[in-house]
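Understanding the architecture of this molecule
What follows is the residue order along each chain.
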Amino acid sequence: PLYDEDDEEGGGLSSYLCPSGIVGSILFTSPLYRSFFQHKRILELGSGLGLSGMVASAASGNVAKCVLTDRDEYTVRLLNDTILRNTKKHEKSTITPWGKCDLSASIIDWRDFSGGALRDVETASPTHQSFDVVLGTDVAYYHHLIRPLMDVSRYHLKQKSGTSSSDSNDNNNDSDEKNRVDATSECGAGVLCIVGQANRASQWDLYNNIQSGSYNQITDEHEGPWDGSTCLLLYDLAVGLWEEDTASNEEEDKYNGLGTMIKRQKQASSPEWNPKKMEKIVPIATLLHSMDGKIHNSLIGPYDKIATKEDEKNQMMSF
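Rules and cut-offs
- Residues numbered from 1 in each chain as written.
- Predicted model: local features only at pLDDT ≥ 70, side-chain atom pairs only at ≥ 80, totals over all residues.
- Heavy atoms only, no water.
- Phe/Tyr/Trp six-rings, centres within 6.5 Å; stacked < 30°, edge-to-face > 60°.
- Buried < 20%, exposed > 50% of the residue type's maximum accessible area, 1.4 Å probe, protein only.
- Core = buried A, V, L, I, M, F, W, Y, C linked by side-chain atoms within 4.5 Å.
- Contact = heavy atoms within 4.5 Å.
- Helix = DSSP H or I, 4+ residues; strand = E, 2+ residues; numbered from the N terminus.
- Polar contact = N/O pair within 3.5 Å; in protein donor to acceptor, adjacent residues only side chain to side chain.
- Right-handed = clockwise from strand over helix to strand, strands pointing away.
- Pairing = 2+ DSSP bridges.

1. Brief notes about the packing of aromatic side chains
Scanning the entire structure with this criterion turns up 6 aromatic pairs. With centroids separated by 5.6 Å and ring planes inclined at 65 degrees, the aromatic side chains of F28 and F37 adopt a geometry described as edge-to-face. F37 matches F28 in its accessibility class, with the two residues each being buried. Residues F36 and F37 carry aromatic rings whose centres are separated by 6.2 Å and whose planes lie at 55 degrees to one another, so their mutual orientation is tilted. Comparing F36 with F37, the two get one shared label, buried.

2. Things to note about the nonpolar core
What tends to happen in soluble globular proteins is that the nonpolar side chains get buried as a cluster. Membership of the largest hydrophobic core comes to 35 residues, with the highest contact counts inside it found for F28, Y33, F37, I42, L68, L135 and L288. Discounting chain neighbours no more than four positions away, the residues touching I42 are F37, A56, V63, K65, C66, V67, F131, V133 and L135.

3. Digging into the side chain of T230
Looking at the element boundaries, T230 is found in strand β12 (residues 229-239). Using a relative accessible area of 13% as the deciding quantity, one classes T230 as buried. Of the polar contacts made by the side chain of T230, one reaches the side chain of H289; its length is 2.6 Å. When near neighbours in sequence (up to four residues on either side) are disregarded, T230 contacts Y207, I210, Q211, L288 and H289.

4. Re the pairing of strand β1 (residues 41-45)
Across the 5 residues that make up β1, a large majority, 5, are buried. Because side chains alternate across β1, one face comprises the buried residues R41, L43 and L45, and the other comprises I42 and E44, equally buried. A crossover links β1 with its parallel partner strand β2 (residues 65-70), the connecting element being helix α3 (residues 51-59), and its sense is right-handed. With 4 bridges joining them, β1 and strand β8 (residues 133-137) adopt parallel strand pairing.

5. Quick notes on the environment of Y142
With respect to the helices and strands, Y142 occurs in the loop between β8 and α5 (146-156). Here Y142 falls in the partly exposed class, since its relative accessible area comes to 40%. Sequence separation of Y142 and D205 is 63 residues, and the distance between their C-alpha atoms is 10.0 Å.

Set out below in structure tokens:
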């Protein structure tokens, strides 16, 4: 992912790689998620550096579409540059090192949700699209962000089983694209996946609001729970000391821009790597919601820990 530290427009939360983003990239390469993402249309909210969304777009090798989004135009331009550096274009599709995917970046400022349409960074033209999957990592970090996050997620999630709807301006007649879209006809309703730190009360509040209902400050009314099923999965992320990236440009080119990742994989599998020498443990909570209630069989593994009220009570919270 790209970030220009010397550019005075840069900075802010979008320039940092959070622990939740790392966990998201790990989860999205697991067999359950790789299978689930096949032929899906994916929207990532608050992409920042774009790690989780890029991994999700490439994990199965057969994702129909993936749109990375952020509120900041400068960040979205960097996301587009990141996409160009890690992929190559072939007609109307994007070729990743793992397969074909319609991969792009757009602007959504969901913090002040008013329509929530995607906006192109060059033309600023708004479009509405529905998606099979809406992702986010470390996006529910403040309580006041929960309501707009819920609204924009529900706005873009596919509500009923069947084929995902496309952008009304999308007239792509490419046969390969048609095959991928047709393959979504067996998809259920949309799935929301929000990865955050379990020691943040706002992550639990988001889960409880969707599962049990909440007060809507905009309408001044109490809303019931969302249709479908909701669960929260708990993980521990063991974090080691960060190392400086020493991969040369030649190494980057050799691995199509992925030299650093491959190098780190080799280090992690070496005899010198010791999982006990961790700097800290970060508690992670992954919220999953399926609009048609069929999430549990597809994305929850036999060893995943499903959160309970007791877990929430015992969790030491930060901000």
